[in-house]
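If you want the building blocks of each chain, they are given just below.
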Amino acid sequence: MQAIADLFEARPSSAAFAHYPTLRIQTANLRHALEDAIQTVETVVEAWKVEMGCDRAVGPEFQTGASALSSYRVIAPVLVRNVHRTADFLLDETRPASAVDVDRVGKTIPSFSDFVRLGAASRAFLDAAVQAAYQLTTFDGAQLNYKFLQSLLSFAAVAPASLHSNIVSPEMQTVLDAYVAMSGKERKNSPFTKASHEQFPQRLAVAGDAAGLSDRRCRNIELLFGFCSDFVHSGYVTILALGQQGPEVVLGGPGDAFTPRAENFAELKQLLLAECAAAYRELLLPIVRQAIDRTLVADMLEDWADRLIEASKGVAEATTILHRRLVEPVREGLPGSDKTLEIRCICGADVSLAPPHREWDRFCQDCGSRFDLCEIDERIDYVVSSTGVGDVLGGDAPRIADLEPDLRAKLDRIAERHAPPPVEGEVRFALIGDLERCDEKTLEVSSLITSAPDQRDRESCGLMAFVATKSIERCPTVRVICNCGAAVDYRTRDASNVATCGGCGTLIGLLGVSGDGECVEIIRPDGSPGTAPILGRHRFAVSGVAIDR
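Residues numbered from 1 in each chain as written. Predicted model: local features only at pLDDT ≥ 70, side-chain atom pairs only at ≥ 80, totals over all residues. Heavy atoms only, no water.

**Student:** In this structure, what is going on with the environment of Arg 399? I would like to understand it.
**Tutor:** Mapped onto the fold, Arg 399 is located in the loop between strand 8 (388-391) and helix 13 (405-418). Separated by 87 residues in the primary sequence, Arg 399 and Ala 486 have C-alpha atoms spaced 36 Å apart. If near-sequence neighbours (up to four positions away) are discounted, Arg 399 is found in contact with Asp 391 and Val 392. (Helix = DSSP H or I, 4+ residues; strand = E, 2+ residues; numbered from the N terminus. Contact = heavy atoms within 4.5 Å.)

**Student:** Just checking my understanding: could you explain the packing of aromatic side chains for this structure?
**Tutor:** Two descriptors summarise a pair of aromatic rings, namely the distance from one centre to the other and the angle between the planes of the rings. Within this structure, the stated rule accounts for 7 aromatic pairs. Plain terms: the ring middles of Tyr 20 and Phe 258 are 4.3 Å apart, the flat faces sit at 25° to each other, and that makes the pair stacked. Taken as a pair, Tyr 20 in helix 2 (residues 20-52) and Phe 258 in strand 2 (residues 256-258) lie far apart in primary sequence, 238 residues in all. Summarising the burial analysis for this pair, Tyr 20 and Phe 258 share the class buried. Seen in terms of ring centroids, Phe 200 and Phe 225 are 3.8 Å apart; in terms of plane orientation they differ by 5°. Their pairing is stacked. Linking Phe 200 in helix 8 (residues 200-211) with Phe 225 in helix 9 (residues 215-232), this pair joins segments that are 25 residues apart in sequence. Judged by its relative accessible area of 11%, Phe 225 falls in the buried class. We note Arg 187 situated over the ring of Tyr 179; from NZ or CZ to the ring centre the distance is 5.0 Å. (Phe/Tyr/Trp six-rings, centres within 6.5 Å; stacked < 30°, edge-to-face > 60°. Buried < 20%, exposed > 50% of the residue type's maximum accessible area, 1.4 Å probe, protein only. Lys NZ or Arg CZ within 6 Å of the ring centre and 35° of its normal.)

**Student:** How should I be thinking about the environment of Glu 518 in this particular structure?
**Tutor:** Note on placement: Glu 518 falls in the loop between strand 15 (507-513) and strand 16 (519-523). Residue classification places Glu 518 among the exposed residues on the basis of a relative accessible area of 56%. For the pair Glu 518 and Thr 108, spaced 410 residues apart in sequence, the C-alpha separation works out to 58 Å. What Glu 518 contacts, discounting residues up to four positions off in sequence, is Pro 533, Ile 534 and Arg 537.

**Student:** So what exactly am I meant to see when it comes to the pattern of salt bridges here?
**Tutor:** Counted by the stated rule, this structure contains 31 salt bridges. Across the pair Arg 474 and Asp 396 runs a salt bridge whose closest N-O atoms are separated by 2.9 Å. Of the two residues, Arg 474 sits in helix 15 (residues 469-474) while Asp 396 sits in the loop between strand 8 and helix 13, which places them 78 residues apart along the sequence. Exposure remark for Arg 474: the relative accessible area of 24% places this residue in the partly exposed category. Among the residues examined, Asp 396 registers a relative accessible area of 25% and is labelled partly exposed. Salt bridges sharing common partners tie together Asp 381, Asp 396, Lys 470, Arg 474 and Arg 539. (Salt bridge = Lys/Arg side-chain N within 4 Å of Asp/Glu carboxyl O.)

**Student:** Help me understand the sheet that holds strand 7 (residues 382-385) in this model?
**Tutor:** The strands making up a sheet associate through backbone hydrogen bonding, with each pair oriented either parallel or antiparallel. Ordered by their spatial adjacency, 3 strands build an open sheet running 8-7-9, and the pairing between neighbours is antiparallel. Edge positions in the sheet fall to strand 8 and strand 9 (430-432), since each of these pairs with one other strand and no more. With strand direction ignored, the average angle separating the axes of adjacent strands in the sheet is 25°. By the bridge criterion, 4 bridges tie strand 7 to strand 8 in an arrangement that is antiparallel. Residue Ser 385 lies in a different strand from strand 8, and its bridge partner there is Gly 388. (Pairing = 2+ DSSP bridges. Axes fitted to C-alpha atoms, helices over the stretch in contact; angles between N-to-C directions.)

This is the structure:
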């Protein structure tokens, strides 16, 4: 109790650990996905209702007069529609706040009531979804009667007369009178009522087992329901966690300002919506399909099955993207430069990251994925990860999409052989420095002479220099240093491999050398072994010019 007292007396604090802009983007996308899924399922439910109206279309146990289950021909579609009605409440309460400027930041701050409504909407949705799934699994009419009459008992006594028109009929009044006349114990086990699986976790266990729901997902739904119940009932912990509203620090910046409390609310919205959407996809939709199969004589129409799959897939895709961080291989030295980085997001959107490429700004405006920039040595052209092959942003190698068929096939073979195994929370790369010349088994590139002046020009050269092959192939200019100390620029478009020193007039022959070596072994004029440097290895320090550092 003292620990509790200390918490109540402690000075309220605020914290913000998420990323407010992407919370809003991804929550909006998830809302649209769930909304689209519900609309798609509605068309199936409407068609199901029509089929259930035909006595010949339903199975023997649902035919008129066969048993009490015939009432489910009306009730079963309504149960699904009830879930969709509660979804309207959920979708309203999880609508992301609009981006605002600093002078309107107060509009983003949620009240205590906002938190309670969000909890109530999530709780109502989960309760309806689990109850519907339970009923469509068990078709237990006595249990449905008990739940309905318990609700009616309190509602009829408290609701104003204006609300009675939709719930009162002579038949219903007769049933309610009989129910009221029974003792509490009798109500739980009478000829027309049964209090089986009264608790939410019990109904969830029955329905979850029928849907093949994982233990982890069942546990998440149960915890979420309890969490939302605490919000609805204004539990001690909820009130303490939300604290008192007061002055808050302003975060973000022009055009998108917010407070820690606003980010907390946005994060909670996304979490609750994601779990509710997962419950809809993984629990309710499989049960709906099973219920249709059980109630109708004919096999489910292919169009209905396709629509249910479409609804499930749309929600799954939107959920998978949540909190996604993509590792973007970037040429070393590019982050923090004055260059705008153009990234193609995995969702297909183009993302422009303006200098200084701050971590906060690295996200996709379409899907909300965030980017981690992984700097790669400038000698590397392509990377291979557990998910496939990738270009190096800012490199000068041909884009993978533009590769010739034979090189693309080689790249695919390398990826199949060298893709690192996936590791939780880590992205590892196999590095490809020269796709055309590398060994597929080792990825090593041998040091070979790939180009040289022709024989006649070579005889005219007073000096020979080794130059990186990729620089000759990819740079407009390669800069070498003459023995006289002058810098000599060779225009690669000449394709002669001969440069002329402007200082002393010496002709310099250039020998292209493959690989990533810094020098080559030579025999000096006196017969002794030695080395000669490979020049022009750095292609990005000066725009369009390969130089030595």
